[in-house]
Amino acid sequence: MGALRWGVGSVATVAVYAALFLYAEAQSVVIGLLVGAVVAMVMASRFDVLARVGESFARHERALDRLTFAACIAVAALFHDQHFVLLMLATVLLYFVACIGLNLQFGHTGVVNFAGAAFFGVGAYAAAVLSQHTPVPHLAIIVIAGAVAAVIGSVLIIPVLRTRGHYAAMVTIAFGVLFKTFLEVNDTLGGPQGLKLPGMSVFGIPFNANIALSDDAEISFYMHYVVLALLLAAGAYSLSRRIERSWIGLNLDAVRLDETACATFGIDVARWKIVAYTIGNALCGIAGAVYAMMTGFIAPNNFTFGDSLIMVSIILLGGVGNPRGVMIAAAVVLLLPEKLQMIQEYRFLLYAVLVMAVLLFRPEGLLPRRLRAYFPGGTS
Amino acid sequence: MDIGLAGQYVLNGLMLGIIYAMVAVGFTLFFGVLDIIKFSHGDVLTVGAFTALAAYAGVTALGLQSPWLILGVIALAAIAGTAVLGALIARFLIMPMRGAPPINVLLLTLMLGTALRESVRLFYPNGSNPKMFPRLLPGGAANFGRFTLRYDSVLIFVAGVAVIVGVSLLINRSKLGLAIRAVAQDAETARVMGIDLEAVVLFTFALGSALAALAGVMNGMYYSEINFNMGLLLGLIGFSAAIIGGLGNIYGAILGGFLFAALQTIGAVLLPVSSAYKDVFAFAAVIVLMAWRPTGLIAEKSSERV
Amino acid sequence: MTAPLLVCRGLTMRFGGLTALDALDLDVLPGEILGLIGPNGSGKTTFFNVVTGVYAATAGSAVFAGADLTRLTAQAIYRAGITRTFQRSRLALPLSIFDNLMIGNHRRLDHGLAFNLFRRVALKAQYESAVDEARTLLATFSVPLATRLFEPASAVTMIDRRRIEICRALISRPKLLLLDEPSAGMTHEETRELMDDILLVRGRMPGLGIILIEHEMNVIERVTDRCAVFNYGKRIAAGTYAEVAADRDVQQAYLGQE
Ligand SMILES: Nc1ncnc2c1ncn2[C@@H]1O[C@H](COP(=O)(O)OP(=O)(O)O)[C@@H](O)[C@H]1O
Ligand SMILES: [Mg+2]
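From a predicted model like this one, the values you see are computed outputs, not experimental measurements.

**What about the overall build of chain C?**
Link 1 in the chain: On a plain count of helices and strands, chain C comes out with 11 helices and 10 strands.
Link 2 in the chain: Overall size of chain C, expressed as C-alpha extent along the three principal axes, is 60 × 40 × 40 Å.
Link 3 in the chain: By the burial criterion, 53% of the 258 residues in chain C qualify as buried.
Link 4 in the chain: Across chain C, contacts joining residues at least 24 apart in sequence account for 68% of those joining residues at least 6 apart.
Link 5 in the chain: Summing over all exposed atoms, chain C offers an accessible surface of approximately 10900 Å²; the carbon and sulfur share of this is 54%.
Link 6 in the chain: Of the side chains in chain C, 29 bear a positive and 28 a negative charge, and the two mean positions are spaced by 7 Å.

Here it is as structure tokens:
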């Protein structure tokens with residue numbers, strides 16, 4: 001059990017599959033690939049492959065994490081001259097960063113946040129204003145945008161802390177609606193038309209220029225953003241893992257599972273909710289800032305309640321509290337409608353129904369979280 | 001401010017208040033019997049309004065002429081359709097979730113709301129565009145200076161008040177209402193005492209949903225327009241109203257509905273340059289209220305037993 | 001004569017019109033096991049809830065280590081050295097047994113952000129000694145259970161869950177331990193074993209005071225040094241088991257109930 005080859009095999013399979021999926025154009029091919037994936041998953045769980053893969057990941061986590069990182073680079077390299085594919089990859093990675101943040105809040109601490117897209121939007125608008133009106137370096141803008149989202153979140157935390165469950169849900173939903181309405185009516189922030197942003201430029205490297213390889217070969221400029229997003233994703237993943245596998249992660253779980261009991265063991269419920277809420281919103285803001293500078297244009301319609309629900313769906317489908325599940329779910333949820341044109345229009349409906357099915361029949365998510373191993377595989 | 005204009009604001013606030021109160025009462029009823037938040041409530045309202053619209057197309061195709069008759073038929077259609085929908089939702093989606101964490105029920109109904117909203121948008125003919133809602137009430141108005149009193153508004157308001165009074169009489173005076181209150185107090189004890197829990201829950205959901213449908217129809221008649229998205233905001237407002245009033249309490253919900261309308265009206269008056277900020281103002285005020293009084297103005301049932 | 005560990009004077013808790021604790025006076029001495037008995041609904045659990053800061057007392061004081069507990073948060077009361085078990089088990093069932101014990105060990109772990117996120121080597125040392133300690137403590141109660149440290153708490157029997165809950169309360173080496181019907185649902189033999197284990201652990205923690213809520217009179221007789229009897233939120237008797245059992249009010253309270 002727990003052999004490394006199962007993990008390596010699964011990462012390789014997923015990478016190859018992702019490449020094929022991104023490469024496929026004809027709708028029939030896309031559908032064929034999807035059917036193939038479903039059949040493969042059913043077979044895999046029939047023949048215990050999933051359990052072995054899970055075991056392998058638990059034992060050789062470090063090596064497999066690095067392999068996953070390398071696989072992402074490999075897939076991006078394969079599509080190095082295709083703007084649209086790279087844009088999609090970077091978007092998936094940025095959504096992953098935001099969802100890791102929401103997962104810390106909801107999956108670990110049990111603090112609901114139905115304004116994920118709004119905090120993503122706070123970061124995006126902060127980046128837009130700063131990059132248009134100030135000479136702040138773009139990397140610093142990303143950090144500031146995260147901080148702005150965290151600060152705005154800390155205003156909301158007061159009612160969220162004083163309330164539980166449905167009340168907190170109401171507060172964040174109200175904030176999400178308030179935020180979008182505010183953007184729509186505020187002319188200095190561009191109103192419904194939104195704002196334009198310049199491309200990023202880091203250490204003198206202009207992110208919005210293609211990279212010439214030779215006279216007739218170029219790397220799409222989106223590769224810059226893919227690399228940046230991948231680094232952010234790796235950072236968010238590692239942060240989330242370190243939090244989970246420490247006393248902090250334990251405190252967050254304790255707060256989620258029983259506030260009364262954990263208070264009688266000295267756990268400061270408010271403190272850990274604030275920690276999770278702040279880190280989570282900062283991650284949303286950071287992701288939003290990079291997203292804004294990447295797309296070069298943002299509008300209130302990018303940050304609706306529906307988008308917040310998509311983020312929540314990603315977490316619920318992936319497996320509450322499980323960052324690897326969140327990664328896969330982010331990819332599926334975001335790429336599926338892009339590749340399968342016929343469901344583009346139906347995507348909100350489709351995901352809503354899927355999440356309902358998961359909640360009714362498999363509430364721990366498709367890839368449930370494992371028990372905490374503070375130092376998995378015996379290494380630190 | 002001019003008296004007439006002030007009157008106009010007050011009248012508009014009262015109209016909105018009665019509609020919000022009807023939605024909020026649904027939230028409070030569901031919370032009472034099952035301790036859950038049914039976030040799809042707003043979208044059930046949308047379904048109700050569109051059912052009425054579809055029924056209107058049907059009856060006019062049949063050649064029905066009398067506006068009162070048409071109104072009766074489409075209101076009945078909306079009530080019946082959503083009552084059944086509400087009972088089905090309770091039976092097949094919410095009852096099976098008993099014992100699950102409350103947040104899962106909230107998530108489930110949030111997703112159900114999305115599914116309903118999207119279904120209306122995708123499957124109602126030309127559903128993504130706003131729809132004209134027929135004017136069925138007598139037109140005309142009385143003018144007092146700058147203050148215009150539309151007769152149809154008066155009728156809508158009176159109908160709303162009648163419905164709310166009817167529902168609270170039903171809850172407080174009838175045997176069925178007694179059963180609902182017993183279940184709200186303590187579901188286990190109520191069951192031991194021979195109350196059919198499932199029947200009470202289904203009836204409550206049918207009742208709350210029918211109320212939402214009526215609110216949707218009234219909203220449509222007031223603005224002469226409906227769209228697939230209307231339930232999202234109305235649901236959120238109804239939810240806010242139920243919460244600021246104090247969940248589980250019918251009078252709290254009614255109070256909350258009018259309070260929210262008052263906040264919006266105040267927002268519109270205070271920020272006359274761009275009254276578009278009125279919702280921003282109202283929701284910001286709700287968030288502040290929640291920070292001040294976390295369980296609402298009329299406190300929620302009891303403290304947690306340890 | 002040693003100074004009492006806990007001194008309650010006029011402790012009162014009202015829920016609306018219902019007075020669950022009625023001007024209660026009670027002392028607990030260091031190192032003693034105090035039995036708390038009384039009919040259902042007489043306020044025993046409420047007493048624990050007030051002392052541990054779950055409920056805020058309506059009136060009165062409960063002085064422990066020089067501080068009035070009625071003014072402290074639940075967290076501060078735990079830090080001062082009072083832990084408890086719950087009448088209805090409140091373990092974090094999806095977490096491992098080890099995690100549950102570490103929730104109880106909160107006071108002795110380092111919760112700094114920088115320590116937890118960046119000083120993984122130091123964290124590991126703390127973790128490893130915590131694992132040893134948890135295993136040893138658990139083994140006192142049940143050797144097979146100690147081998148299942150990294151299984152979910154939901155995977156073990158009700159009786160083992162009670163043992164875990166007691167260990168969760170003990171692992172931080174409290175000065176006062178509150179046990180709310182720890183033997184509920186156990187057979188006589190299991191109850192006996194559990195009580196012997198508790199006595200064993202107490203032997204290792206000199207000065208540990210224990211308040212035990214228990215319905216089995218022979219258990220009370222065997223393990224407690226003193227008992228207090230509650231009825232309708234009032235303490236109607238206190239003293240050794242023999243004294244209390246002979247008390248007319250106590251007999252009436254129990255006869256009146258049964
Ligand atoms: N949170 C609460 N709200 C209202 N009443 C309560 C609460 N907790 C306990 N009570 C009441 O206080 C009284 C004492 O209860 P409790 O302390 O649990 O009794 P015991 O543990 O002795 O059986 C009971 O009448 C109970 O119903
Ligand atoms: Mg008790």
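Further notes follow.
**Focus on the overall build of chain A**
Link 1 in the chain: Each helix and strand counted, chain A has 16 helices and six strands in total.
Link 2 in the chain: The globule rule puts the C-alpha radius of gyration for 380 residues at 21 Å, and the 21 Å found for chain A is close to it.
Link 3 in the chain: If you line up chain A on its principal axes, its C-alpha atoms span 65 × 55 × 40 Å.
Link 4 in the chain: Burial statistics for chain A: of 380 residues in total, 57% are counted as buried.
Link 5 in the chain: The long-range share in chain A, meaning contacts at least 24 apart out of those at least 6 apart in sequence, stands at 77%.
Link 6 in the chain: With the model as given, the accessible surface of chain A reaches about 14900 Å², and the carbon-plus-sulfur share is 68%.
Link 7 in the chain: For chain A, the distance from the average site of its 23 positive side-chain charges to the average site of its 20 negative ones is 11 Å.

**With respect to the packing of aromatic side chains**
Link 1 in the chain: Scanning the entire structure with this criterion turns up 28 aromatic pairs over all chains.
Link 2 in the chain: With 5.6 Å between their ring centres and 90° between their planes, Y374 of chain A and F98 of chain C make a pair best called edge-to-face. Note that Y374 of chain A is positioned in the segment after α16 (347-361) and F98 of chain C in helix α3 (residues 97-104), a pairing that runs across two chains. Comparing Y374 of chain A with F98 of chain C shows no difference in burial state: the two are buried.

**Description of the sheet that holds strand β7 (residues 176-180) of chain C**
Residues and elements named next belong to chain C.
Link 1 in the chain: Read across the open sheet, the six strands follow the order β6-β7-β8-β3-β9-β10; overall the sheet is mixed. Each edge of the open sheet carries a strand with a single partner, namely β6 (82-84) and β10 (234-239). In this sheet, neighbouring strand axes are inclined to one another by 20° on average, regardless of whether the strands run parallel or antiparallel.
Link 2 in the chain: Pairing of strand β9 (residues 226-231) with β10, which is carried by five bridges, proceeds in the antiparallel orientation. For C227, the partnering residue across the bridge sits in β10 and is G239.
Link 3 in the chain: Strands β3 (33-37), β7 and β8 (209-213) of the sheet are contacted by helix α8 (residues 188-204), whose axis makes an angle of about 165° with β8.

**Focus: the coordination of the magnesium ion (ligand 2)**
All names here are of chain C.
Link 1 in the chain: Around the magnesium ion (ligand 2), the protein supplies T45 (OG1) and Q87 (OE1) as donor atoms, at distances of 2.0 to 2.2 Å. Separated by 42 residues along the polypeptide, T45 in helix α1 (residues 44-51) and Q87 in the loop between β6 and α3 bring together distant segments of the chain.
Link 2 in the chain: We classify T45 as buried; its relative accessible area is 16%.
Link 3 in the chain: Here Q87 falls in the partly exposed class, since its relative accessible area comes to 32%.

**A word on the site of ligand 1**
Link 1 in the chain: Inspection of the region around ligand 1 gives 15 residues, with G41, K44, T45, T46 and Y55 of chain C positioned closest.
Link 2 in the chain: With respect to ligand 1, the chains having nearby residues are chains B and C.
Link 3 in the chain: Contacts to ligand 1 include Y55 of chain C, whose side-chain N or O atom sits 2.9 Å from a nitrogen atom.
Link 4 in the chain: Elements with a contribution of two residues or more to the shell around ligand 1: β2 (18-28) and α1 of chain C.
Link 5 in the chain: A per-class count over the shell around ligand 1 returns five nonpolar, seven polar and three charged.

**Structural notes on α1 of chain C**
All names here are of chain C.
Link 1 in the chain: For α1, the tally of buried residues reaches eight of eight residues, placing the bulk of the element in the interior.
Link 2 in the chain: Residues of α1 that are buried include every one of K44, T45, T46, F47, F48, N49, V50 and V51, and no others.
Link 3 in the chain: Looking at the residues trailing α1, positive phi occurs at G53, about 80°.

**Structural notes on the domain arrangement of chain C**
All names here are of chain C.
Link 1 in the chain: Assigned domains of chain C: these are domain 1 (1-81 + 174-258) and domain 2 (96-171).
Link 2 in the chain: For domain 1 versus domain 2, the distance between C-alpha centres works out to 27 Å.
Link 3 in the chain: Seen at the junction of domain 1 and domain 2, the total is five residue pairs in polar contact (both at pLDDT 80 or more).
Link 4 in the chain: Elements supplying a minimum of two residues to the side of domain 1 that touches domain 2: α2 (74-80), β7 and α8.
Link 5 in the chain: Among the elements that line the side of domain 1 that touches domain 2, the one with the most residues is α8, at eight residues.
Link 6 in the chain: Among the residues making up the side of domain 1 that touches domain 2, the classes are represented as 13 nonpolar, no polar and seven charged.

**Some points on the interface of chain C and chain A**
Link 1 in the chain: Between chain C and chain A, the residue contacts involve 39 residues of the former and 30 residues of the latter.
Link 2 in the chain: Carbon and sulfur atoms make up 70% of the area that chain C and chain A hide from each other, which totals about 3100 Å².
Link 3 in the chain: On the chain C side of the contact with chain A, Q75, L117 and R120 of chain C bury the most area, a combined 21% of that side's loss.
Link 4 in the chain: Ionic pairing is found between D99 of chain C and R372 of chain A, a salt bridge with its closest N-O pair at 2.9 Å.
Link 5 in the chain: If you look at where chain C meets chain A, you find 12 residue pairs in polar contact (both at pLDDT 80 or more).
Link 6 in the chain: Of all the elements in the fold, those that place two or more residues in the side of chain C that touches chain A are α2, β6, α3, α4 (113-118), α5 (120-141) and α7 (158-170) of chain C.
Link 7 in the chain: For the side of chain C that touches chain A, the element with the highest residue contribution is α5 of chain C, accounting for six residues.

**Quick look at unusual backbone geometry**
Link 1 in the chain: Of note, D48 of chain A is a non-glycine position whose phi angle comes to about 65°, a positive value.
Link 2 in the chain: Residue position: D48 of chain A is located in the loop between α2 (27-46) and α3 (49-59).
Link 3 in the chain: Positive phi is not limited to glycine here, since A65 of chain C has a value of about 50°.
Link 4 in the chain: Among the structural elements, A65 of chain C can be located in the loop between β4 (59-64) and β5 (67-68).
Link 5 in the chain: According to the relative accessible area criterion, A65 of chain C is exposed, its value standing at 59%.

**As for the interface of chain A and chain B**
Link 1 in the chain: Taken together, the contact pairs 40 residues of chain A with 44 residues of chain B.
Link 2 in the chain: Here chain A packs against chain B, burying approximately 3700 Å² in sum over the two surfaces, 82% of which is carbon and sulfur.
Link 3 in the chain: The interface formed by chain A and chain B contains one salt bridge.
Link 4 in the chain: Where chain A touches chain B, the interface holds one residue pair in polar contact (both at pLDDT 80 or more).

Definitions and limits used
- Residues numbered from 1 in each chain as written.
- Chains lettered and ligands numbered in written order.
- Predicted model: local features only at pLDDT ≥ 70, side-chain atom pairs only at ≥ 80, totals over all residues.
- Heavy atoms only, no water.
- Helix = DSSP H or I, 4+ residues; strand = E, 2+ residues; numbered from the N terminus.
- Buried < 20%, exposed > 50% of the residue type's maximum accessible area, 1.4 Å probe, protein only.
- Contact = heavy atoms within 4.5 Å.
- Areas by Shrake-Rupley, 256 points an atom, 1.4 Å probe, with all protein chains shown as cover.
- Lys, Arg positive; Asp, Glu negative; His and termini not counted.
- Charge placed at Lys NZ, Arg CZ, Asp CG, Glu CD.
- Rg over C-alpha atoms; globule rule 2.2 N^0.38 Å.
- Phe/Tyr/Trp six-rings, centres within 6.5 Å; stacked < 30°, edge-to-face > 60°.
- Pairing = 2+ DSSP bridges.
- Axes fitted to C-alpha atoms, helices over the stretch in contact; angles between N-to-C directions.
- Donors = N, O, S within 2.8 Å, 3.2 Å for Na, K, Ca; no water.
- Near = heavy atom within 4 Å.
- Polar contact = N/O pair within 3.5 Å; in protein donor to acceptor, adjacent residues only side chain to side chain.
- Nonpolar A, V, L, I, M, F, W, Y, C, P; charged D, E, K, R; others polar.
- Domains from an automatic or database assignment.
- Buried area = accessible area lost by both parts, 1.4 Å probe.
- Salt bridge = Lys/Arg side-chain N within 4 Å of Asp/Glu carboxyl O.

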